[in-house]
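Structure assessment
Below are the chains, spelled out letter by letter.
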Amino acid sequence: MTFNELQMIAIAKLAKAMIAADGKVEKAELAAMALEFTRFGVSPDALDRILSNTDSMESGTAISIVSLMNEAQKKYVTDYLAFIMAADGEIADFEVAMWSLISTLATLPTMTIGHALAFWKNN
């Protein structure tokens with residue numbers, strides 16, 4: 001699966017929203033977010049540029065970009081956001097609410113957190 005840079009910025013924007021949803025930014029969540037980008041072959045310099053560009057992207061724009069992705073990409077985003085949510089070992093109600101809101105607004109596939117994390121663990 002591939003994503004263009006604009007899509008990666010949108011995914012990172014939503015991931016940052018997930019990380020901040022519970023009111024605290026955990027190092028484990030930030031590391032999880034960055035690790036997955038390196039798995040896609042994103043260099044440290046490119047990751048810095050992507051993360052920097054999230055600051056100028058509106059959340060609504062990120063949602064719109066993700067909503068236009070194909071179904072496989074959307075499933076990945078759904079699973080990725082669940083992975084970010086669980087990275088610190090806790091899943092707060094605010095994180096679940098953010099995940100549900102993003103999923104609804106971006107027309108992401110409906111799934112439980114358990115299904116998303118099981119898929120993530122096995123892929």
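Residues numbered from 1 in each chain as written. Predicted model: local features only at pLDDT ≥ 70, side-chain atom pairs only at ≥ 80, totals over all residues. Heavy atoms only, no water.

1. Focus on the packing of helix α1 (residues 5-20) against helix α4 (residues 59-67)
The condition that has to hold: Comment: axis = line fitted to C-alpha atoms, over the contacting stretch for helices; angle = value between 0 and 180 degrees taken between N-to-C directions. The helix and strand labels rest on DSSP assignments: H or I over at least four residues marks a helix, E over at least two residues marks a strand, and numbering proceeds from the N terminus. Angles are sorted into four bins: roughly parallel if under 35 degrees, roughly antiparallel if over 145, roughly perpendicular if 65 to 115, and oblique for all others. By convention the crossing between two helices is left-handed if the near helix lies anticlockwise of the far one by an angle smaller than a right angle, and right-handed if it lies clockwise. Contacts are residue-level and defined by heavy atoms, with any inter-residue pair within 4.5 Å sufficient. Gly counts as polar in this scheme, as do all residues outside two lists: the nonpolar Ala, Val, Leu, Ile, Met, Phe, Trp, Tyr, Cys and Pro, and the charged Asp, Glu, Lys and Arg.
Taken N-terminus to C-terminus, the directions of α1 and α4 make an angle of 120 degrees; their axes are 9 Å apart at the nearest point. With respect to their mutual orientation, α1 and α4 come out oblique. In this structure, α1 crosses over α4, and the sense of that crossing is left-handed. Here Leu-6, Gln-7, Ala-10, Lys-13 and Leu-14 of α1 come into contact with α4, specifically with Ser-59, Ala-62, Ile-63, Ile-65 and Val-66. For the contact of α1 with α4, the per-class residue count stands at seven nonpolar, two polar and one charged.

2. Side note on the nonpolar core
The criterion, for reference: We define the nonpolar core as a collection of buried residues of types Ala, Val, Leu, Ile, Met, Phe, Trp, Tyr and Cys that are connected through side-chain atoms lying within 4.5 Å of one another. Accessibility here uses a 1.4 Å probe with only protein chains present; expressed as a share of the type maximum, an area under 20% marks a residue as buried, one over 50% as exposed, and anything in between as partly exposed.
Residues Phe-37, Val-66, Val-77, Tyr-80, Leu-81, Ile-84 and Trp-99 are the most contacted members of the largest nonpolar core, which totals 36 residues. Going through the elements one at a time, α1, α2 (27-39), α3 (44-54), α4, α5 (71-86) and α6 (93-105) are the ones with two or more residues in this core. The element best represented in this core is α1, accounting for nine residues. Contacts of Ile-84, omitting those with residues within four sequence positions, involve Ala-15, Met-18, Ile-19, Glu-29, Ala-32 and Met-33.

3. Side note on empty space enclosed by the protein
Here is the rule we go by: Any residue with an atom within 4 Å of a point lines the site, the site being either a cavity, points on a 1 Å grid over the protein atoms alone where a 1.4 Å probe fits but cannot get out, or a pocket, an open set with protein on both sides within 12 Å along at least 5 of 7 lines. Grid points are joined across faces, edges and corners, and a volume is the space filled by probe spheres set on the points.
For the structure on display, the rule yields one cavity of 30 Å³ or more. By volume, the largest cavity amounts to about 50 Å³. Looking at the largest cavity, the residues that line it are Phe-3, Met-8, Ile-11, Glu-36, Phe-37, Phe-40, Tyr-76 and Tyr-80. For the lining of the largest cavity, the elements supplying multiple residues, two or more each, are α1, α2 and α5. Grouping the constituent residues of the lining of the largest cavity by class yields seven nonpolar, no polar and one charged.

4. A look at the environment of Ser-52
Tracing the sequence through the fold places Ser-52 in helix α3. Ser-52 gets classed as partly exposed once you look at its relative accessible area, which sits at 46%. With 49 residues separating them in the primary sequence, Ser-52 and Leu-101 have C-alpha atoms 24 Å apart.

5. Some details on the packing of α1 against α3
Contact pair α1 / α3: the axes reach a minimum separation of 8 Å and the direction vectors enclose 65 degrees. For α1 against α3, the interelement crossing comes out right-handed. Two secondary-structure elements touch here, α1 through Glu-5, Met-8, Ile-9, Ala-12, Lys-13 and Lys-16 and α3 through Arg-49, Ile-50, Leu-51, Asn-53 and Thr-54.

6. Comments concerning unusual backbone geometry
Here Thr-107, not a glycine, exhibits a phi torsion of approximately 50 degrees, which is positive. Mapping Thr-107 onto the fold places it in the loop between α6 and α7 (113-122). Owing to a relative accessible area of 47%, Thr-107 belongs among the partly exposed residues under this scheme.

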